[in-house]
Amino acid sequence: MSLIFLAINGGLSAVGAVICYQLILTYIPIFIARKMYGNDQCKVSNAPVPEPMGVICAAVYLIVMFMFIPFPFLEWKGQSEFPYEKLLALLSGLISISTAILLGFADDMLDLKWRHKLLFPTLSSLPLLMVYYVSGNSTTVIVPTIVRHLVQPIVLLPVTINISFIYYIFMGMVIVFCTNAINILAGINGLESGQSLVISASVCLFNFVQIFRFSAENSTGFWHHTISLYFLLPFTACTAILFYFNKYPSRVFVGDTFCYWSGMTLAVVSILGHFSKTLMLFFVPQIINFLYSIPQLFHLVPCPRHRLPKYDPKTDTVSMSIAEFKKTDLKRLGALFIAVCKSIGMLHVKEVEKDGEIYLQINNLTIINLVLKFAGPLHEKTLNDVLMSIQILCSLLAFFIRFYLASLFYDV
Ligand code: UD1
Ligand code: MG
């Protein structure tokens, strides 16, 4: 029966995709007329591009989800025990996703401060975590076999350990991280929508594989991966259309609305599907980008408003963008970071003298600029293709780790 509901969900997703396509075409001139656009900073014309078009797709996504909600519960009509927990799981996931869309739209309109971007997703994760709690969902983690064997002479570790509230803190952190991770790996045509599309398609595939493995329909594992697909199929369909318009040369920009919606949807499905640790494998490029960005995000070194690559109109290529600051303004931790990264070749650093003062020039700390540091100037489309290839490679690696390496380290 669940497979029929998945087919209905897939059908609604396809309809959602067609509506997204039509609505984007309709709204492009309306956005421009309302002055809702951004300027493409990697083009000669600096042309206005409608932004945030993600809000249109997010609205279609929510409508598809609202229309789908009754279907999985049709089979329980008239039966004595209605599965309230499952309905709650769907509704709480939608609350978190809706609040992320609201936060993103507010960011697009008002350019929010970092503290809001961190606090709001933390609070909006509460309904989801509460439902997780009251539904008696597991907070146990499996101890790797290798760790058990290593410590066996000293202490006998159990196969699983209940880490209780630490698990909730971890899930809260997954939500806050995912909500922001896509937005800080952004700035070239097709990157935000492209990376989301690769991750969501990979997670869909992961869910299908798991459903195939848990072939018993009444097992909890089957439900966890089915509910994950209920959220993800419409998301993937809407995102594919958005990517079509956002890829080089962008006809629309997705905006922060899309970035937060995308991150939150992926985090929500991983929590409802009980695979938040596996999700992190699909987010490896975003994790590296976040770690590399830390000095700028926490202002250990200055962070300009935009860190996207620098466009050269003569060659129609983009190259590393540079942050410049007085050497004396550098904080101790920032200096340490620069020294370490320079010594391992992960940072472009140049000292220049101006008016008797020493200035440092470093590349802005994103993996987009890091790729350009190694590859040299690239055409914007080529750069996005390289970043997409890295994302796809990481997905393949995630499958390898999850299905091959994990079986070596865990009794799964
Ligand atoms: C985040 C990044 C910022 C990056 C920006 C690009 C951090 C801390 N912030 O800021 O470094 O420059 O995203 O999205 O990492 N744009 C293009 N081409 C594109 C996409 C965007 O030129 O393909 C420009 C447009 O001017 C667009 C603007 O970026 O209007 C959108 O920036 P916005 O999403 O508001 O920036 P943030 O999310 O605050
Ligand atoms: Mg943004």
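Check the entry above for the structure.
Being a predicted model, the structure only gives us computed values, none of them experimental.

K.L.:
Can you walk me through the site of ligand 1 in this structure?
P.N.:
In the vicinity of ligand 1 there are 19 residues, among which Asn39, Glu51, Asn183, His306 and Arg307 approach most closely. In the environment of ligand 1, an oxygen atom lies 2.7 Å from a nitrogen or oxygen atom belonging to the side chain of Glu51. Compared with its free state, where it exposes 720 Å², ligand 1 has 91% of that area covered by protein. Spatially, ligand 1 is embedded in the largest pocket. Class assignment of the residues belonging to the shell around ligand 1 gives a composition of 6 nonpolar, 7 polar and 6 charged.

K.L.:
Explain the coordination of the magnesium ion (ligand 2) to me, please; I cannot follow it from the model alone.
P.N.:
The reference angle at a metal is 109.5 degrees if four donors form a tetrahedron and 90 or 180 degrees if six donors form an octahedron. Within the protein, Asn183 (OD1) and Asp256 (OD) serve as the donor atoms for the magnesium ion (ligand 2), at 2.0 to 2.1 Å. Here Asn183, found in the loop between helix 7 (165-181) and helix 8 (191-213), pairs with Asp256, found in helix 10 (residues 255-272); they are 73 residues apart in sequence, far enough to count as distant. Of the residues examined, Asp256 reaches a relative accessible area of 14% and is grouped as buried.

K.L.:
What is the right way to read helix 3 (residues 84-110) from this model?
P.N.:
One turn of an α-helix holds 3.6 residues; hence residues three or four places apart share an orientation. Given a rise of 1.5 Å per residue, 27 residues ought to cover 39 Å, and the 38 Å separating the end C-alpha atoms of helix 3 matches this to within 8%. Taken from the residues just after helix 3, Asp111 is the one with a positive phi, measuring 50°.

K.L.:
Hey, could you run me through the packing of helix 8 against helix 10 in this one?
P.N.:
Think of two packed helices as two axes; the pair is described by the angle between the axes and how far apart they sit. In contact at an axis separation of 11 Å, helix 8 and helix 10 are set at 15° when each is read in the N-to-C sense. Taken together, the axis directions place helix 8 and helix 10 in an arrangement best described as roughly parallel. Pair helix 8 / helix 10 crosses with left-handed handedness. Judged by residue contacts, Glu192, Ser193, Ser196, Ile199, Ser200 and Val203 of helix 8 engage Phe258, Cys259, Ser262 and Leu266 from helix 10. Classifying every residue of the contact of helix 8 with helix 10 gives 5 nonpolar, 4 polar and 1 charged.

K.L.:
Could you clarify how one ought to interpret the sheet that holds strand 9 (residues 357-363) in this entry?
P.N.:
Each strand in a sheet pairs with another by means of backbone hydrogen bonds, the pair being arranged parallel or else antiparallel. One open sheet accounts for 3 strands, arranged 7-9-8; its pairing is antiparallel. The strands lining the two open edges of the sheet, one partner per strand, are strand 7 (322-326) and strand 8 (349-354). Between one strand axis and the next, the sheet turns by 25° as a mean value, whatever way the strands run. Pairing between strand 8 and strand 9: 6 bridges, direction antiparallel. Bridge pairing links Lys350 to Gln361 in strand 9.

K.L.:
What is the right way to read the packing of helix 3 against helix 10 from this model?
P.N.:
Two elements in contact, helix 3 and helix 10, have axes separated by 7 Å at closest approach and are oriented at 160°. Judged on the interaxial angle alone, helix 10 and helix 3 are roughly antiparallel. In the packing of helix 3 onto helix 10, the handedness of the crossing is right-handed. On helix 10, the residues touching Ala89, Gly93, Ser96, Ile97, Ala100, Ile101, Leu103, Gly104, Phe105, Asp107 and Asp108 of helix 3 are Gly255, Asp256, Thr257, Tyr260, Trp261, Met264, Thr265, Val268 and Leu272. Here the residues of the contact of helix 3 with helix 10 are counted per class, giving 11 nonpolar, 6 polar and 3 charged.

Thresholds applied
Residues numbered from 1 in each chain as written. Chains lettered and ligands numbered in written order. Predicted model: local features only at pLDDT ≥ 70, side-chain atom pairs only at ≥ 80, totals over all residues. Heavy atoms only, no water. Near = heavy atom within 4 Å. Polar contact = N/O pair within 3.5 Å; in protein donor to acceptor, adjacent residues only side chain to side chain. Areas by Shrake-Rupley, 256 points an atom, 1.4 Å probe, with all protein chains shown as cover. 1 Å grid on protein atoms, 1.4 Å probe; cavity = no way out; pocket = protein on both sides within 12 Å on 5 of 7 lines; lining within 4 Å. Sits in = over half its atoms within 2 Å of the grid points. Nonpolar A, V, L, I, M, F, W, Y, C, P; charged D, E, K, R; others polar. Donors = N, O, S within 2.8 Å, 3.2 Å for Na, K, Ca; no water. Helix = DSSP H or I, 4+ residues; strand = E, 2+ residues; numbered from the N terminus. Buried < 20%, exposed > 50% of the residue type's maximum accessible area, 1.4 Å probe, protein only. Expected span 1.5 Å × (residues − 1). Axes fitted to C-alpha atoms, helices over the stretch in contact; angles between N-to-C directions. Parallel < 35°, antiparallel > 145°, perpendicular 65-115°, else oblique. Left-handed = near helix turned anticlockwise from the far one by under 90°. Contact = heavy atoms within 4.5 Å. Pairing = 2+ DSSP bridges.

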